[in-house]
Amino acid sequence: MFPTGVSSVYSACSDAAGITGNILAFVLFVSPIPTFKRILRNKSTEQFSGLPYIYSLLNCLICLWYGMPFITPGVILVATVNSIGAIFQLVYVTIFIIYADKPRKLKMSGLLLSVFALFVIIAYVSMELFDSQTRRFFVGCLSIASLISMFASPLFIIKLVVKSRSVEFMPFTLSLSTFLMSLSFFVYGMFKDDAFIYVPNGIGTILGIVQLILYYYYSSKSGEGSREPLLDSYA
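Within an unreviewed UniProt entry, the label attached to the chain reads Bidirectional sugar transporter SWEET, and the organism entered is Acer negundo. A UniProt comment under Sequence similarities (unreviewed entry) is attached to the chain, and it reads "Belongs to the SWEET sugar transporter family."

Here is the structure:
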């Protein structure tokens, strides 16, 4: 056991890391707003893809469920950040469905219903079939799998940068925010001694470092700065 003073400092540092992660995540959640302003202005989704927002919504819902006190006590900041993220992703998906052509409208609507159905199944199974310890393990494994699957986007961008030898589609502020958010939640998970938080965010931190190194290496060869980022690459 820590002395009271040390315990208070430890708790304060843990909360600071989690709150910082929430703030940085908010920066990422609002980053697609210019794209959706364009969709609203043109009343068309053009060639943009809505799939990243579907994946992000599912990821936020699973991680939100993991952070709930009756699943994992003491990590409420995981629930808060993902509840905000889920709202943003739902708004983005809704706008996309409204302005998409009929085939993509039907596809996205079906995927949205599938996401909610899957989440309901996960919630029901975790609450009805498992005790508290097994429930946390079950949902934690799902959250790790969901978060790691989201790293497909940074890997795609890294491959694109190396292939094109240009950082045109890897905006610095977005890469930096992603790195700092992953680092914040990695630290938060370490303070909480929660592998379901620090393992995936540790991987995200490493990928963030790789992105920043690539940006530094290729930025001088990219000419003018980046144009609008690939919508498929960020969620």
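**Thoughts on the overall build of the chain**
Scanning the chain from terminus to terminus reveals nine helices and zero strands. Ordering the α and β elements of the chain from the N terminus gives α-α-α-α-α-α-α-α-α. The globule rule puts the C-alpha radius of gyration for 235 residues at 18 Å, and the 19 Å found for the chain is close to it. Along the first, second and third principal axes, the C-alpha set of the chain runs to 55 × 45 × 25 Å. Taking contacts inside the chain between residues at least 6 apart in sequence as the whole, the part at least 24 apart equals 78%. Split by element, the accessible area of the chain, about 12300 Å² in all, is 71% carbon and sulfur. Charged side chains of the chain number 16 positive and 11 negative; the gap between the two group centres comes to 9 Å.

**Quick notes on the confidence of the model for the chain**
Looking at the chain as a whole, the pLDDT averages 86, with 90% of positions reaching at least 70. Mean pLDDT values over the elements of the chain span from 75, in helix α7 (residues 152–164), up to 96, in helix α4 (residues 76–99). Scored below 50 in pLDDT, residues 224–235 makes 39 contacts in the model with residues more than four places away or belonging to other chains.

**Here we look at the UniProt feature "transmembrane region" (unreviewed entry) in the chain**
Annotation from UniProt places "transmembrane region" (unreviewed entry) at residues 16–36, 48–68, 74–99, 111–130, 136–157, 169–191 and 197–218. Helix makes up 81% of residues 48–68 and strand 0%. Its end C-alpha atoms lie 33 Å apart.

**Let's talk about the packing of aromatic side chains**
Inspection of the entire model under this criterion finds 15 aromatic pairs. Pairing Tyr66 with Phe196 gives two aromatic rings, centres 5.8 Å apart and planes at 70 degrees, and the pair type is edge-to-face. Taken together, the residues Tyr66 in helix α3 (residues 51–67) and Phe196 in helix α9 (residues 195–218) connect sequence positions 130 residues apart. Residue Tyr66 is classed as buried on the basis of its relative accessible area, which comes to 2%. Seen from their ring centres, Phe130 and Phe138 are 4.9 Å apart, and the 45 degrees between their planes marks the pair as tilted. Since its relative accessible area comes to 25%, Phe130 is described here as partly exposed. Site record: aromatic cluster; members linked through ring pairs are Phe26, Phe29, Phe36, Tyr53, Phe88 and Tyr92.

**Re the side chain of Asp194**
You can see Asp194 is positioned in the loop between α8 (172–191) and α9. Separated by 3.2 Å, the side chains of Asp194 and Arg136 make a polar contact. At 2.9 Å, the side chain of Asp194 and the backbone nitrogen of Phe196 are in polar contact. Here Asp194 is in contact with Tyr66, Thr72, Val75, Arg136 and Gly189, once residues within four sequence places are set aside.

**With respect to helix α6 (residues 132–150)**
Relative to the 27 Å expected for 19 residues at 1.5 Å per residue, α6 spans 27 Å between its end C-alpha atoms, a close match to the ideal helical length. Within the sequence span of α6, burial applies to Arg135, Val139, Gly140, Ser143, Ile144, Ser146, Leu147 and Met150. Taken around the axis of α6, the buried residues stretch over an arc of 165 degrees, which confines them to a single face. Along α6, exposed side chains directed more than 90 degrees from the buried face belong to Gln133 and Phe137. As for α6, its buried residues are in contact with α3, α5 (102–128), α7 and α9.

Cut-offs and rules
- Residues numbered from 1 in each chain as written.
- Predicted model: local features only at pLDDT ≥ 70, side-chain atom pairs only at ≥ 80, totals over all residues.
- Heavy atoms only, no water.
- UniProt positions renumbered as here; feature names shortened; annotations may be inferred.
- Helix = DSSP H or I, 4+ residues; strand = E, 2+ residues; numbered from the N terminus.
- Rg over C-alpha atoms; globule rule 2.2 N^0.38 Å.
- Contact = heavy atoms within 4.5 Å.
- Areas by Shrake-Rupley, 256 points an atom, 1.4 Å probe, with all protein chains shown as cover.
- Lys, Arg positive; Asp, Glu negative; His and termini not counted.
- Charge placed at Lys NZ, Arg CZ, Asp CG, Glu CD.
- pLDDT = per-residue confidence, 0-100.
- Phe/Tyr/Trp six-rings, centres within 6.5 Å; stacked < 30°, edge-to-face > 60°.
- Buried < 20%, exposed > 50% of the residue type's maximum accessible area, 1.4 Å probe, protein only.
- Polar contact = N/O pair within 3.5 Å; in protein donor to acceptor, adjacent residues only side chain to side chain.
- Expected span 1.5 Å × (residues − 1).
- Arc of directions from axis to C-beta.

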